[in-house]
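Breakdown of the fold
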Amino acid sequence: MQLLLLLFLLALAPGCMSLEHIFDPDTPLEIYGGVTTSCREMASDETGFFGALCRAIDLPATAAFDTVLLPISIPVQLTRGNGEEEASP
């Protein structure tokens, strides 16, 4: 029964790491940022087993949502550059 409840709650928020990445004012928009954020949090020692499991289950939906966002995230990242300005002589 608990597993069904967990799956139901996860189904309510597919691609939630993409949404968290988009609406986080401290994180610049990047290509597949939701997937990057999800993987970073799964690898973190601060994320427990349950948190990593939820992110792993949500990863396909996050990847799909990030793919839908590519027409927005690619131009934003290309116009922003890599942030390392080369000094002119």
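Within every chain, residues take consecutive numbers counted from 1 along the sequence as written. Local features are withheld for residues below a pLDDT of 70 in this predicted model, meaning they are given only at 70 or higher, and side-chain atom pairs are given and counted only at 80 or more; totals for whole chains, interfaces and linings count all residues. To get the side-chain values, all heavy atoms of the structure are used, and hydrogens and water are removed first.

1. What to know about the overall build of the protein
Put simply, the test is: Here a helix means four or more residues in a row that DSSP labels H or I, a strand means two or more in a row labelled E, and each is numbered from the N terminus. Summary of the burial criterion: residues with accessible area below 20% of their type's maximum are buried, those above 50% are exposed, and those between are partly exposed, where the area comes from a 1.4 Å probe applied to protein chains only. Note on contacts: a residue pair is in contact if any heavy atoms of the two residues lie within 4.5 Å. Exposure was quantified through the Shrake-Rupley algorithm and a 1.4 Å probe, taking into account, for residues, occlusion by the shown protein chains and nothing else.
In terms of helices and strands, the protein carries five helices and zero strands. Helices and strands appear in the protein in the N-to-C order α-α-α-α-α. Here the protein, with 89 residues, has 22% of them falling under the buried criterion. For the protein, restricting intrachain contacts to residue pairs at least 6 apart in sequence, the fraction spanning at least 24 positions comes to 65%. Element-wise, carbon and sulfur atoms account for 67% of the exposed surface of the protein, whose accessible area totals about 6,500 Å².

2. What about a nonpolar patch on the surface?
What counts is decided by this rule: Exposure above 30% relative accessible area and the lack of any salt bridge qualify a residue for a patch; like charges then connect within 9 Å, and the nonpolar side chains Val, Leu, Ile, Met, Phe, Trp and Tyr within 5 Å. Salt bridge, as used here: a side-chain nitrogen of Lys or Arg that lies within 4 Å of a carboxyl oxygen of Asp or Glu.
On the surface, Ile-31, Tyr-32, Ile-74 and Leu-78 cluster together to form a nonpolar patch covering roughly 340 Å² of accessible area. Along the chain, the position of Tyr-32 falls in the loop between α2 (16-23) and α3 (33-43).

3. Comments concerning the environment of Ser-38
Relative to the helices and strands, Ser-38 resides in helix α3. The class of Ser-38 is buried, set by a relative accessible area of 0%. Residues Ser-38 and Cys-16 lie 22 residues apart in sequence; the distance between their C-alpha atoms is 9.4 Å.

4. Some points on helix α4 (residues 49-68)
The test is simple: To estimate the expected span of a helix, count its residues, drop one, and scale the result by 1.5 Å. A residue's bend is the angle separating two fitted axes: one through the seven residues that end there, the other through the seven that start there.
With 20 residues, α4 extends 29 Å from end C-alpha to end C-alpha; this agrees with the ideal 28 Å at 1.5 Å per step. Of all the bends in α4, the greatest, near 45 degrees, is centred on Leu-59, and the proline Pro-60 appears no more than four residues after it. Burial in α4 covers these residues: Gly-51, Ala-52, Cys-54, Asp-58, Thr-62 and Asp-66.

5. Focus: the confidence of the model for the protein
Just so we agree on the cut-off: The pLDDT value expresses, per residue, how confident the predictor is, ranging between 0 and 100.
In this model, the protein carries a mean pLDDT of 78, and residues with pLDDT of at least 70 account for 76%. The spread of mean pLDDT over the elements of the protein runs between helix α1 (residues 2-12), the lowest at 64, and α3, the highest at 88.

6. Regarding the side chain of Ser-73
Position of Ser-73 relative to the elements: it lies in helix α5 (residues 70-80). Residues within four places of Ser-73 in sequence aside, it is in contact with Leu-29, Glu-30 and Ile-31.

7. Comments concerning the packing of α3 against α4
For the record, the criterion: Axis lines are fitted to C-alpha atoms, over the contacting stretch for helices. Their N-to-C directions set the angle, which ranges from 0 to 180 degrees. Here roughly perpendicular refers to angles of 65 to 115 degrees, roughly parallel to angles under 35, roughly antiparallel to angles over 145, and oblique to all remaining angles. By the definition used in this description, the sense in which the near helix is turned from the far one sets the handedness, with an anticlockwise turn below a right angle giving left-handed and a clockwise turn giving right-handed. Under this grouping Gly is polar, as are all residues other than the nonpolar Ala, Val, Leu, Ile, Met, Phe, Trp, Tyr, Cys and Pro and the charged Asp, Glu, Lys and Arg.
The interhelical angle for the contact between α3 and α4, taken along N-to-C directions, is 165 degrees, at an axis separation of 8 Å. Taken together, the axes of α3 and α4 lie roughly antiparallel to each other. Considering the relative orientation of α3 and α4, their crossing is left-handed. Judged by residue contacts, Gly-33, Gly-34, Val-35, Ser-38, Cys-39, Glu-41 and Met-42 of α3 engage Ala-52, Arg-55, Ala-56, Leu-59, Thr-62, Ala-63 and Asp-66 from α4. Looking at the contact of α3 with α4 residue by residue, the classes come out as seven nonpolar, four polar and three charged.

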